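Spelled out from the first residue to the last, the chains are:
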Amino acid sequence: MAKCAICGKETIFINKVSHSHRVSSKRQKPNLQKVRAVVNGEKRRIWVCTKCLKSGKVVKAG
């Protein structure tokens, strides 16, 4: 579940900064959903981010 199959969005690492300005590493994961979609004419289950789902870049299999 690392990557969006459409846009390639994946986990990023950012700096979490506390009130006293101590810096530590933090992971931000994309909101991925497992979707049954039509890929190259056949139905497959793929991981897709919600931004791609909302924008209509994915053709859902009925």
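Structure's up top.
One structure accompanies this document, and this report is about it. No experiment lies behind these values; they were computed from the predicted model shown.

Taken together, the side chains of Lys34, Arg36, Lys43 and Arg45 present a region of like positive charge at the surface. Elements that contribute at least two residues to the positive patch include exactly strand E3 (32-39) and strand E4 (42-49). Topologically, Arg36 is positioned in strand E3.

This brings us to unusual backbone geometry. With a phi close to 65 degrees, His21 is a non-glycine residue in the positive phi region. Note that His21 resides in the loop between strand E1 (12-17) and strand E2 (23-28). Backbone geometry places Asn40, a non-glycine residue, at a positive phi of 55 degrees. Positionally, Asn40 belongs in the loop between E3 and E4.

Reading guide: rules and limits
- Residues numbered from 1 in each chain as written.
- Predicted model: local features only at pLDDT ≥ 70, side-chain atom pairs only at ≥ 80, totals over all residues.
- Heavy atoms only, no water.
- Patch = residues over 30% accessible without salt bridge, like charges linked within 9 Å, V, L, I, M, F, W, Y side chains within 5 Å.
- Areas by Shrake-Rupley, 256 points an atom, 1.4 Å probe, with all protein chains shown as cover.
- Salt bridge = Lys/Arg side-chain N within 4 Å of Asp/Glu carboxyl O.
- Lys, Arg positive; Asp, Glu negative; His and termini not counted.
- Charge placed at Lys NZ, Arg CZ, Asp CG, Glu CD.
- Helix = DSSP H or I, 4+ residues; strand = E, 2+ residues; numbered from the N terminus.

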